[in-house]
Amino acid sequence: MDRSLFRYILRYTWRDQLALLAFTLVSFPLIYVNLELPKKIVNEALQGKHIPKEILGVHVTQVSYLMALSLLLLILITINGALKYVINVYAGVVGERTLRRLRHDLYWQVMRFPLAHFKTTSPGEIIPMIVAETEPVGGFIGESFVTPIFQGGLLATYVLFIFMQDPWLGLAAIALWPPQMYLIPKLQRRINLLAKERVQTARQLSDRIGETVVAASEIRGNDTTEFERADVSDRLGHIFAIRYEIYRRKFFVKFLNNFLAQITPFFFYSVGGYLVIRGNLSLGALVAVLAAYKDILAPWKEILNWYATKEDVRIKHEQIVSQFEPPNLVDRKLLENAPETIPPLAGDIAAKDLSFSENGITNRVDRLSFRIPRGQHVALVGNGNSGRDDLVHLLARLDLPSGGRLDVAGISFTDVHQAVPGRRIAYAAQNAHVFSGTVAHNLFYALKHRPVHPAPSDEAGARLSERRVRDALAAGNSAYDIRADWIDYDGAGVSDRAELTALAERTLAIVDMRREVMGFGFASSTDPARHPALAEKSVAARSLVRARVARDQLAGSVEFFERDAYFDNMSVAENLLFGTPRRAEFQPAVLAHNPAIVELLREVRLLDDLYQAGAKVAELMVEIFADVAPDSDLFEQYSFISAEDLPEFRDIVMRLGKRGLGAISPQDKARLLALTFRLVRARHRLGIMEGSMQARLVDARNEFRRRYHDRGVVEFFDPDRFSPALSVQDNMLFGRVGFDQASAQSRISALVRDIASEEGMCDALVELGLEYDVGSSGSRLSYSERQRLAIARALLKNADILVFNEPTSGLDPGTELRVLRHVLEWAKGRTVIWSLSRPELAREFDRVLVFADGRLVEEGRFDELEREGKALAQLVA
């Protein structure tokens, strides 16, 4: 990247800068005339001197002349304002477009970083540089040339006008510029150094905070929070000291500028006034000069601000660029412009004197020579510093050799385009990244090389797409549409999405993950229009679930939903709604504050009774927890009321006891109603929601449903319809598991899943499970699930060569062996290179390579190398 900011700007925006320059130059004559007109209005139109008899054949009077000049002034002001608007908008567009290019270029540089650089550079440093630190650079780019030219031109125009009125006043106007031009850069230089230090310190703080987020469990587990706070406080103090010094110096510069600027009017009033009194200068000219000088201050300040911003942005740009040019960057030609035809790599792998070094001094892989025939399954074993990890990176083309030669199927890996190994070699590692998104997105990620089918769109969408492509090309960005279908179906060996989904299901079975993904489907909700067969079978299974529950004598473990029944295992609010809320104001937690609900309960004559029920709950809580310490866990476990709110409810209970409901405010009544709404009869057993109260609440539920059935506020439970607001498992169960039954949840879940399997729902559930959101970086998956997902992703790639780096290290030994055998069975005929964390697993492979200190020390079959005295035998022992 170009370290000179101005060279970078000119390289990509020189045409725009010329256009801005043209607009700027057009405005200068208009500005000069704009300054001259007030003088003519004062000296001629107002004083009645030198008024022309006619203009364009029209007779002119003093008043009409005044109006004409005033109208011309208004027109010029409008034109100048419009020109300034055009210049500012154009400059803003140029700046934002170039900022977009700069950020894209920096992101592209990250893609070229060698792997070793990521070991010493954290995301906390890189992300702010691309996102936050480039922001002022982008703001400056659009103004980099137009601001000094426009403001400098304004300044020259104003000074020229003053000189035209009187040379001495012109000299007075610029008399103090030389000391400002000398002092300001010297003072700014120290501010620039402080700004550079501030950027570096802020970057280090960002990195430290990022490390704290990642290491939160270690910090809390070791009680080192005070140590970490002290560290961050020290860094914040250092930043404060730097910024204080910057403010002190920056505002001194402003004070100096303002002071010198205010001295000049002294000369105008004294010298100019003297000349007016002597008759050597007209009053209109002096007024015009004072107005012009007042206008001079604005462009002069703008130029000074531009200079300060330029220096700050220049330092930021230099620092940013320096951080994005580490040694051993991957050559651009290896990543850009992929060949149309990707040759296969179904051949031998040959290494000759292969070496690799991260720092250019010490070889982590030292002069290795070996040959792996096509289709052979090879295990790599060795201790942590043996060099096998680095060899795996070289074989997967994640790193480039420092020396020697590596050929695959006769193709040199030194200069082949990355698209070849990137599509013909599958790689999975123990810490393989899982992207935010769905399971399917992660499974199919290795097939997304280029857009295959454009995204469907109407005419308006097509126009928007064309504009998006045009803007992307103008900013030097990728013109590919992220909304298109990117999946390489041919590369996966399938013809369409349906076949790919079926292949994904079979692949998940290979890595022993099909059951987990089916569980994701059970726990997911879906639109019946998207999965009609699954929805139909889920509704049909409800009767089977009821029958099986009765057969297995589990009737006491679940309450099945009935429209006219009250449910002991649901809260009062849930009983009232009898459905899943679609709007926030109908959520159970806030239902007591919903005016529509309160009014409905009042109309069915139930509101006061629910208030009284809430009062009983409050009275019980106040009595039971009166002597309990505020920090006791009992509040969290058993109380409806927090320790902080207990005194307020004690006051409410006292007022209720004296004067009844009329003694408390509507807000307090809502709090009592909220207590009632939280009651779950089977769990709390307070003897409150009993007998007729249940039947009356069911009547209120039916009235609520009658009023709101077509308003979309709640997805009501319907025994004959699939509810998109419930998970598939809850739709099949169509009820609520009891609170008072030990292990009821696990037993009912197993029963429901057995019925789903018997009814042939498994494939549809796995397909739905593929849409499961894995969370940020796969945070909703276990370590074992993330590893198996990475292996499945590699298999779906349908590559010629599989290169694995301990991808099963997080699995239990039984599952690890099972997955390994399944993968090797699937990969018969393909080359497999597997770096193992457990050397004893090498017996499953055709050949074993043993490494130590970056060298190959043994190779052969497992039974040949496990004998006493061999390096492999020592590793296995």
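Each remark here, short or long, concerns the structure printed above.
Conventions used here
- Residues numbered from 1 in each chain as written.
- Predicted model: local features only at pLDDT ≥ 70, side-chain atom pairs only at ≥ 80, totals over all residues.
- Heavy atoms only, no water.
- Helix = DSSP H or I, 4+ residues; strand = E, 2+ residues; numbered from the N terminus.
- Rg over C-alpha atoms; globule rule 2.2 N^0.38 Å.
- Contact = heavy atoms within 4.5 Å.
- Areas by Shrake-Rupley, 256 points an atom, 1.4 Å probe, with all protein chains shown as cover.
- Lys, Arg positive; Asp, Glu negative; His and termini not counted.
- Charge placed at Lys NZ, Arg CZ, Asp CG, Glu CD.
- Buried < 20%, exposed > 50% of the residue type's maximum accessible area, 1.4 Å probe, protein only.
- Axes fitted to C-alpha atoms, helices over the stretch in contact; angles between N-to-C directions.
- Parallel < 35°, antiparallel > 145°, perpendicular 65-115°, else oblique.
- Nonpolar A, V, L, I, M, F, W, Y, C, P; charged D, E, K, R; others polar.
- Phe/Tyr/Trp six-rings, centres within 6.5 Å; stacked < 30°, edge-to-face > 60°.
- Lys NZ or Arg CZ within 6 Å of the ring centre and 35° of its normal.
- Pairing = 2+ DSSP bridges.
- Expected span 1.5 Å × (residues − 1).
- Arc of directions from axis to C-beta.
- Salt bridge = Lys/Arg side-chain N within 4 Å of Asp/Glu carboxyl O.
- Core = buried A, V, L, I, M, F, W, Y, C linked by side-chain atoms within 4.5 Å.

A.B. asks: Honestly, the overall build of the protein chain in this entry has me stumped. Any pointers?
C.D. replies: Along the backbone of the protein chain there are 34 helices and 18 strands. Against the globule reference of 29 Å for 877 residues, the protein chain gives a C-alpha radius of gyration of 39 Å, more extended than a compact globule. Principal-axis analysis of the C-alpha atoms places the extent of the protein chain at approximately 120 × 95 × 60 Å. For the protein chain, the proportion of contacts with a sequence separation of at least 24, taken over those separated by at least 6, is 74%. When the accessible surface of the protein chain is totalled, it reaches about 44400 Å², and 55% of it is carbon and sulfur. Each charge class in the protein chain can be summarised by its mean position, and for the 107 positive and 109 negative side chains these summaries are 6 Å apart.

A.B. asks: For this particular structure, what's the right way to read the environment of His 377?
C.D. replies: Within the secondary structure, His 377 is located in strand β5 (residues 377–382). Since its relative accessible area comes to 7%, His 377 is described here as buried. Beyond its immediate stretch of four places on either side in the chain, His 377 contacts Leu 824, Ala 827, Lys 828, Arg 830, Val 832, Phe 845, Asp 846 and Arg 847.

A.B. asks: How should the packing of helix α18 (residues 514–522) against helix α30 (residues 762–769) be read in this particular structure?
C.D. replies: A pair of packed helices is captured by two measures, namely the crossing angle of their axes and the spacing between those axes. Two elements in contact, α18 and α30, have axes whose closest approach is 7 Å; the angle formed by their N-to-C orientations is 80°. In terms of orientation, α18 and α30 fall into the roughly perpendicular class. Two secondary-structure elements touch here, α18 through Arg 514, Val 517, Met 518, Phe 520, Gly 521 and Phe 522 and α30 through Cys 762, Asp 763, Leu 765, Val 766, Leu 768 and Gly 769. Taken together, the residues of the contact of α18 with α30 break down into eight nonpolar, two polar and two charged.

A.B. asks: Help me out: how do you make sense of the packing of aromatic side chains in this one?
C.D. replies: Two numbers describe a pair of aromatic rings. These are the distance of the centres and the angle of the planes. Taken as a whole and judged by the stated rule, the model has 23 aromatic pairs. Measuring from centroid to centroid gives 5.5 Å for Phe 561 and Phe 567, while their planes differ by 75°, and the two rings are edge-to-face. The same class applies to Phe 561 as to Phe 567, namely buried. Taking the centre distance of 6.1 Å and the plane angle of 40° together, the rings of Phe 586 and Phe 704 count as tilted. Within this pair, whereas Phe 586 is found in the loop between β12 (579–581) and α21 (595–603), its partner Phe 704 is found in helix α27 (residues 692–708), the two being separated by 118 residues in sequence. Phe 704 carries the same exposure label as Phe 586, and that label is buried. Joined through ring pairs, the aromatic side chains of Phe 561, Phe 567, Phe 578, Phe 717 and Phe 734 make up one cluster. A cation over an aromatic ring shows up here: Arg 542 above the ring of Phe 734, its NZ or CZ 4.0 Å from the ring centre. Across from the ring centre of Phe 578, 4.6 Å away, lies the NZ or CZ of Arg 701, which sits over that ring.

A.B. asks: For this particular structure, what's the right way to read the sheet that holds strand β7 (residues 411–412)?
C.D. replies: Strand order in the open sheet made by the four strands is β4-β3-β6-β7, with antiparallel pairing throughout. Every other strand in the sheet has two partners, leaving β4 (363–372) and β7 as the edge strands with one partner each. Sitting on the sheet, helix α12 (residues 388–395) touches β3 (349–357), β4 and β6 (403–408), and the angle it makes with β4 is about 60°.

A.B. asks: Please explain helix α32 (residues 813–826) as it appears in this structure.
C.D. replies: The α-helix winds at 3.6 residues per turn, so residues separated by three or four positions along the chain end up facing the same way. Taking 1.5 Å as the rise per residue, α32 with 14 residues should run 20 Å; its terminal C-alpha atoms sit 20 Å apart, in good agreement. Among all positions of α32, only Thr 815, Glu 816, Val 819, Leu 820, Val 823 and Leu 824 are buried. Looking straight down α32, one finds that the buried residues subtend no more than 160° of arc, so they occupy a single side. Where α32 is buried, its residues meet β5, α17 (497–510), α31 (783–796), β15 (801–805) and β16 (831–835).

A.B. asks: Just checking my understanding: could you explain the sheet that holds β15 for this structure?
C.D. replies: In a beta sheet, neighbouring strands are held together by backbone hydrogen bonds and run either parallel or antiparallel to one another. An order of β8-β15-β16-β5-β17-β18 is seen for the six strands of this open sheet, with the pairing classed as mixed. Each end of this open sheet is capped by a strand with a single partner; those strands are β8 (425–429) and β18 (855–860). Going from strand to strand, the sheet's axes swing by 15° on average, the running direction of each strand aside. One ladder, built from four bridges, connects β5 with β16; its direction is parallel. If you follow Ala 379 over to β16, its bridge partner there is Trp 834. Along the sheet, α12 makes contact with β5, β8, β15, β16 and β17 (847–852), crossing β15 at roughly 150°.

A.B. asks: Would you mind going over the pattern of salt bridges with me for this structure?
C.D. replies: Opposite charge on two side chains makes pairing possible when the charged atoms of those side chains draw close. Enumeration over the complete set of coordinates arrives at 49 salt bridges. The closest approach of N and O atoms between Lys 828 and Glu 825, which form a salt bridge, is 3.2 Å. Exposure remark for Glu 825: the relative accessible area of 48% places this residue in the partly exposed category.

A.B. asks: What should I look at first to understand the nonpolar core in this one?
C.D. replies: Within soluble globular proteins, side chains that are nonpolar generally end up buried alongside one another. If you look at the biggest cluster of nonpolar residues, it comprises 80 residues, and the most contacted ones within it are Leu 443, Leu 500, Met 732, Phe 804, Val 823, Trp 834 and Leu 836. At seven residues, the largest contribution of residues to this core is made by α31.

A.B. asks: Explain the environment of Ala 472 to me, please; I cannot follow it from the model alone.
C.D. replies: Its location among the elements puts Ala 472 in helix α15 (residues 459–474). For Ala 472, a relative accessible area of 3% corresponds to the buried category. For the pair Ala 472 and Arg 97, spaced 375 residues apart in sequence, the C-alpha to C-alpha distance is 8.9 Å. Beyond its immediate sequence surroundings of up to four residues, Ala 472 is in contact with Arg 100, Asn 477, Ser 478 and Ala 479.

A.B. asks: For this particular structure, what's the right way to read the side chain of Thr 501?
C.D. replies: Of note, Thr 501 is situated in helix α17. For Thr 501, the contacting residues outside a window of four places in its chain are Glu 767 and Leu 770.

A.B. asks: Could you clarify how one ought to interpret the pairing of β6 in this entry?
C.D. replies: Residues in a regular strand project their side chains so that they alternate between the two faces of the sheet. Pairing analysis gives five bridges linking β3 to β6, with the strands arranged antiparallel. Bridge pairing links Ala 350 to Asp 407 in β6. Where β6 and β7 come together, two bridges link them in antiparallel fashion. Bridge pairing in β7 places Asp 407 opposite Ser 412. Hairpin connection of β6 to β7: two residues between the antiparallel strands, including Ala 409 at a positive phi of 55°.

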